[in-house]
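# Survey of secondary and tertiary structure
Residues per chain, in single letters:
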Amino acid sequence: MKRNGLAIPVLLVASLLGSVLVAAVLDGRRADAMPEESLRYVPDARYLKPILLGFHGVAAGLLWIQIGQYVGTHVETDRQFPQLAKALDLATSLDPHFLEPYRWGGLYLLYLGRQPRAAVSLLEKGAAANPERWELPHDLGRYYYLEARDYGQALQWWERAAKLPGRPEYLPRFVARLYARTGQTETALDLWLDLYRTAHNDSLRSLALKEIERLRAVHNSRSTVDGSGGLLQ
Amino acid sequence: MKTHSVPQFPQLVGESRRANVDRLGSARFEESPQLAGGFFKVWTIALNTFKEAVRDRILYAILIFALVMLAGSAILVTISVSGEGTIIKHLGLACISIFGTLIALFLGIGLVSKEIEKRTVYTIISKPIHRYQFILGKYLGLLLTLLVNIGIMALVLFGLAYLWEGISSPRLLLAVLFIFLELMIVTALVMLFSTFSSPALSAIFTLCLVVAGHLSADLRLFAARFGSAATRLLAEALYFLLPNLSRLNFKDQAVHGLGVNAGIAALSFSYALLYVAALVLAAMTLFQWRDFK
């Protein structure tokens, strides 16, 4: 009886230690074989969504956490992100109103994955699914302004973002400046005048005033050159 | 409706002004005109079902696990790049829904069948209680148990959402309300099966219907695309017959603060109540037909 009583705890400890040892060996072999790939297989949202029985939002959240780990792992290793666009597409298809995968995912695709086309299509998908949110047209405008240097497109997206609720205070200023930059001085001037009238603080009001004076000077000099003489008041 | 008065148990009549509902707990009620009302009988059964349920260890096991999962979500999101609030709310609502279903299932499977198996049902139906009152009381008792548990889980979720985002949207409350409505359907389903089958079969049937209930819209779509006329007709019939649980899913609106169409919400609410009423009435009918000899 005594021997039996001792045998079970001994076997328990031995099997526990054995499992830990085997797990450690397995981990070592896997590390030698290939880097851990968390997003090797990305299913299609059309088939995955029905199986989730209404819990697609949770799945999108968990996938977003995993995408973060995937990006982090590959930034530290090969800096290749072959599955990133597909995983982001899945996360945003599972929960089309989850903004972070569009916004951060767009940045990852653009600056880490060097896939501007995928980044733009992801942001455009987000803007179409969330027409009331300013963030996605704002990010698209930023891409066209900073990366593509397509000021017409940037203006179009920022103008759209500037009309949406909750947009940052600086957006109308960006729009006004872009109008000036694309040669549409009168529209730019109107926007700055509107900003001057509606500004909440003195610094913004003085900035608007400065821009109005600069644009008036530009406009007046142009009018003098082409002889139209239309001094903006 | 069959009523069972006391002749088989004259000793209980001996107590004249008291009706004993032994197995249902220690509750006793005075047979005064006010207390003799059907509502009181149903309420007594409901209260005792609730007391019986809260004594069940499995309830605490599920509840503690759910609370640990809820708290765990707050730790999980620390490895997320951003969007922590969204993930916490999604995970929290999923926890409430999944663990609520488990509670409904584990407690519901024995709701009627346990009474039959232990033969305590004979004592109960020999009292001046209608069978439908017994079923209704049992159902309401389990709902009360669910309400308390869902309330505890919801409070934890609201607390977490508040801690993380500084605000707790009232839309979260709406999502929890609709989860509760879904659980009302699950409870009614499990009770319906419990009236005529074993606990294991009741659990299997209910789970199958819960899965089918989330897929019924896809079933209709699938039949419309690929099926023959007969298949389409069958799919259409199943679509309306099966509980459409996807209609009660307002989780996305709650998590992202999206607008909720009041008309759709009101219709979904009415749909759930009508479906529950149909299931409870079916359970009453089956229990009424059952021969206890």
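Nothing here was measured: the structure is a model prediction, and the numbers come from that model.

## Digging into the overall build of chain A
Assigned secondary structure in chain A consists of 11 helices and 0 strands. Of the regular secondary structure in chain A, the N- to C-terminal order runs α-α-α-α-α-α-α-α-α-α-α. Buried residues in chain A amount to 36% of all 233 residues.

## Some words on unusual backbone geometry
Residues and elements named next belong to chain A. With a phi angle near 55 degrees, arginine 79 is a residue other than glycine that sits in the positive phi range. Among the secondary structure elements, arginine 79 is positioned in the loop between helix 3 (56-76) and helix 4 (84-94). A positive phi angle, close to 55 degrees, is found at arginine 149, a residue other than glycine. Of note, arginine 149 is situated in the loop between helix 7 (135-148) and helix 8 (151-162). Residue classification places arginine 149 among the exposed residues on the basis of 9 C-beta atoms within 10 Å.

## Structural notes on the environment of tryptophan 104 of chain A
Residue placement: tryptophan 104 of chain A occurs in helix 5 (residues 99-112). For the pair tryptophan 104 of chain A and leucine 21 of chain A, spaced 83 residues apart in sequence, the C-alpha to C-alpha distance is 40 Å. Apart from residues lying up to four places away in sequence, tryptophan 104 of chain A is in contact with Val81 and Ser82 of chain B.

## Concerning the packing of helix 4 (residues 84-108) of chain B against helix 7 (residues 131-165) of chain B
Residues and elements named next belong to chain B. Look at helix 4 against helix 7: their axes get within 10 Å of each other, and the N-to-C directions meet at 165 degrees. Compared by their axis directions, helix 4 and helix 7 come out roughly antiparallel. In the crossing of helix 4 with helix 7, the sense of the turn from one axis to the other is right-handed. Looking at the contact of helix 4 with helix 7 residue by residue, the classes come out as 16 nonpolar, 6 polar and 3 charged.

## Here's the deal with the interface of chain B and chain A
The partner chain A presents 15 residues to the 23 residues of chain B that form the contact. Per element, the largest residue contribution to the side of chain B that touches chain A is 5 residues, and it comes from helix 4 of chain B. Taken together, the residues of the side of chain B that touches chain A sort by class into 11 nonpolar, 9 polar and 3 charged.

## Considerations on the confidence of the model for chain A
Fine structural detail should not be taken from predicted coordinates in areas where pLDDT scores are low. Residues and elements named next belong to chain A. Taken as a whole, chain A shows an average pLDDT of 84; of its residues, 88% reach a score of 70 or greater. Averaged over each element, pLDDT in chain A is lowest for helix 11 (residues 202-226) (76) and highest for helix 6 (residues 116-129) (96). Note on residues 227-233: pLDDT under 50 across the span, and 8 contacts to partners over four residues away in sequence or across chains.

## Quick word on the packing of helix 7 of chain A against helix 8 of chain A
Residue and element names in this part refer to chain A. Between helix 7 and helix 8, whose axes approach to 8 Å, the crossing angle comes to 160 degrees. In terms of orientation, helix 7 lies roughly antiparallel with respect to helix 8. Relative to helix 8, helix 7 is oriented so that their crossing is left-handed. Residues Pro137, His138, Leu140, Gly141, Tyr144, Tyr145 and Ala148 of helix 7 form the contact with helix 8, whose own contacting residues are Tyr151, Gln153, Ala154, Trp157, Trp158, Arg160 and Ala161. For the contact of helix 7 with helix 8, the class distribution of residues is 10 nonpolar, 3 polar and 1 charged.

The rules we used
Residues numbered from 1 in each chain as written. Chains lettered and ligands numbered in written order. Predicted model: local features only at pLDDT ≥ 70, side-chain atom pairs only at ≥ 80, totals over all residues. Helix = DSSP H or I, 4+ residues; strand = E, 2+ residues; numbered from the N terminus. Buried ≥ 20, exposed ≤ 12 C-beta atoms within 10 Å, placed from the backbone. Contact = placed C-beta atoms within 7 Å. Axes fitted to C-alpha atoms, helices over the stretch in contact; angles between N-to-C directions. Parallel < 35°, antiparallel > 145°, perpendicular 65-115°, else oblique. Left-handed = near helix turned anticlockwise from the far one by under 90°. Nonpolar A, V, L, I, M, F, W, Y, C, P; charged D, E, K, R; others polar. pLDDT = per-residue confidence, 0-100.

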